[in-house]
Amino acid sequence: MPERGRPRTFDRTAALRRAMEVFWVKGYEGASISDLTAAMGINSPSLYAAFGSKQALFLEATEFYTQAEGTEIWAALDKAPTACKAIENFLRQTAKAYSQSDRPQGCLIALGALHQDSSSGAICNDLRRRRAENRAALLRRIERGVAEGELPAGFDSRTAATFYATLQHGMSIQARDGASRAALMATVAGAMAAWKAMAGTA
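Nothing here was measured: the structure is a model prediction, and the numbers come from that model.

Student: Please explain helix α2 (residues 33-40) as it appears in this structure.
Tutor: Owing to its 3.6 residues per turn, the α-helix aligns residues three or four sequence positions apart on the same side. Turning to α2, its buried residues are Leu-36, Thr-37 and Met-40. Across the axial projection of α2, the buried residues extend over an arc of 95°, all falling on one side. Looking at the buried residues of α2, the elements they touch are α1 (12-30), α3 (44-51) and α4 (54-68). Just downstream of α2 lies Gly-41, where phi reads positive at about 75°.

Student: I keep staring at the packing of aromatic side chains and nothing clicks. Help me out?
Tutor: The description of an aromatic ring pair rests on the distance of the ring centres and on the angle between the ring planes. In this structure the tally under the stated criterion is eight aromatic pairs. When the ring of Phe-155 is compared with that of Trp-195, the centres are 5.7 Å apart and the planes differ by 50°; the resulting orientation is tilted. In this pair, Phe-155 is assigned in the loop between α8 (122-147) and α9 (157-176) and Trp-195 in helix α10 (residues 181-199), connecting sequence segments 40 residues apart. With a centroid separation of 6.0 Å and 50° between ring planes, the pair formed by Tyr-164 and Trp-195 is classed as tilted. One end of the pair, Tyr-164, is in helix α9; the other, Trp-195, is in helix α10, and 31 residues separate them in sequence. Accessibility assignment for this pair places Tyr-164 and Trp-195 in one class, buried. Site record: aromatic cluster; members linked through ring pairs are Phe-155, Phe-163, Tyr-164 and Trp-195. Sitting over the face of the ring of Tyr-28, Lys-54 holds its NZ or CZ atom 4.6 Å from the ring centroid.

Student: Even after reading the chapter, I still don't get α1, so can you show me in this structure?
Tutor: Helix length check: α1 (19 residues) gives 22 Å between terminal C-alpha atoms against 27 Å at 1.5 Å per residue, more than 12% under. Residue Trp-24 marks the point of greatest curvature in α1, where the axis turns by about 80°. Each element contacted by the buried residues of α1 is listed here: α2, α3, α4, α7 (108-111), α8 and α9. At the N-terminal boundary of α1, the capping side chain belongs to Asp-11, with an oxygen 3.0 Å from the backbone nitrogen of Thr-13.

Calculation criteria
Residues numbered from 1 in each chain as written. Predicted model: local features only at pLDDT ≥ 70, side-chain atom pairs only at ≥ 80, totals over all residues. Heavy atoms only, no water. Buried < 20%, exposed > 50% of the residue type's maximum accessible area, 1.4 Å probe, protein only. Helix = DSSP H or I, 4+ residues; strand = E, 2+ residues; numbered from the N terminus. Arc of directions from axis to C-beta. Contact = heavy atoms within 4.5 Å. Phe/Tyr/Trp six-rings, centres within 6.5 Å; stacked < 30°, edge-to-face > 60°. Lys NZ or Arg CZ within 6 Å of the ring centre and 35° of its normal. Expected span 1.5 Å × (residues − 1). Bend = angle between axes of the 7 residues up to and from the residue. Polar contact = N/O pair within 3.5 Å; in protein donor to acceptor, adjacent residues only side chain to side chain.

Dropping the structure here:
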């Protein structure tokens, strides 16, 4: 039996990417349904039919973002031979990704929603979870440096992971405020001076 109703006449993945970019620029609360439908090239009934709700669309868009944007940032952690180099590469890739001119500056996960929102907290909770997962990835790489003898046994891995996660969030705000790639790279240089002090190699 043929499926009832009119078939979708749009590319769902392309529409999702455009919605992601709207949320990236305006945040969850700042992005209106009319903003989203205009960018996606569909009407509001089609949006709701395809994605369910604005909340569901945002959650899917953030998942798309984590799979499609900035993957080189996190790949840098595992590729580097040392924890020191891993952190440096992580920050350098962050500076490059956040300052690209062909897409919104900064990070959707850091900037998408920081306050309680109209979704009863689901959006903030999802982004908070994602930020915690990113911090955990930093912690694992730093702890590996301790286990491999690169860092002293008493190195405070948790504090270091929190510090560099916080620094990355700050770089996101700087980029959104118009900081150049050179300015972000200067922040990386300062961050690596701090690493040497924490690791006792300054």
